[in-house]
Amino acid sequence: MLANYPPWPTIADGPLREASRAQAEEFYAWFLAARGARIRELCRVLPAFSHAPTRRELVDIGSQLATLLVNATYAAFHDDRAPHLTALVGDVGIWLGERIIAAAPCLAWRLALS
């Protein structure tokens, strides 16, 4: 399932915190444009994300994610599956962020740089 999950783009050779401001702004532009497509991909892999889940479905989603993460062993973070695993986790974050923003329209995605 994760082998075909599309990874996020790489914007820096090292840790994200070391990316230049221009690299961060470029990635942020990609992120804003890609939210819909990333959520659609998440819904393809975990269909419960395709609608407003009930509490029971949220428990099931948590269970499905836990299973995926447990099955993608620690070694997955050190081989070619890592980008797919981190993309899945990032896409859950996008989904959750969009749900929060929908419930509180005064919130918005913002790029924060130190």
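About the criteria used
- Residues numbered from 1 in each chain as written.
- Predicted model: local features only at pLDDT ≥ 70, side-chain atom pairs only at ≥ 80, totals over all residues.
- Heavy atoms only, no water.
- Patch = residues over 30% accessible without salt bridge, like charges linked within 9 Å, V, L, I, M, F, W, Y side chains within 5 Å.
- Areas by Shrake-Rupley, 256 points an atom, 1.4 Å probe, with all protein chains shown as cover.
- Salt bridge = Lys/Arg side-chain N within 4 Å of Asp/Glu carboxyl O.
- Helix = DSSP H or I, 4+ residues; strand = E, 2+ residues; numbered from the N terminus.
- Core = buried A, V, L, I, M, F, W, Y, C linked by side-chain atoms within 4.5 Å.
- Buried < 20%, exposed > 50% of the residue type's maximum accessible area, 1.4 Å probe, protein only.
- Bend = angle between axes of the 7 residues up to and from the residue.

Before going further, it helps to spend a moment on a nonpolar patch on the surface. Taken together, Leu-96, Ile-100 and Leu-107 make up a surface patch of nonpolar side chains, about 260 Å² in accessible area. In this structure, Leu-96 sits in helix α3 (residues 82–103).

Here we take up the nonpolar core. If you look at the biggest cluster of nonpolar residues, it comprises 22 residues, and the most contacted ones within it are Tyr-5, Leu-42, Leu-46, Phe-49, Leu-65 and Leu-88. Those elements that provide at least two residues to this core are α1 (21–45), α2 (55–71) and α3. With seven residues, α1 is the single largest residue contributor to this core.

Let us now look at α1. Residue pairs spaced three or four apart in an α-helix point in one direction, given the helix's 3.6 residues per turn. The largest bend in α1 comes to about 55°, at Ala-34. Those residues of α1 lying buried are Ala-24, Phe-27, Tyr-28, Phe-31, Ala-34, Arg-38, Ile-39, Glu-41, Leu-42, Cys-43 and Val-45.

Turning our attention to the pattern of salt bridges. It is possible for side chains bearing opposite charge to pair when their charged atoms get close. Using the criterion set out here, one finds four salt bridges in the structure. Salt-bridge contacts for Arg-35 lead to Glu-98; the nearest nitrogen and oxygen are separated by 2.9 Å. Linking Arg-35 in helix α1 with Glu-98 in helix α3, this pair joins segments that are 63 residues apart in sequence. Note that Arg-38 is salt-bridged to Asp-91, the shortest N-O span being 2.9 Å. Of this pair, Arg-38 sits in helix α1 while Asp-91 sits in helix α3, placing them 53 residues apart in sequence.

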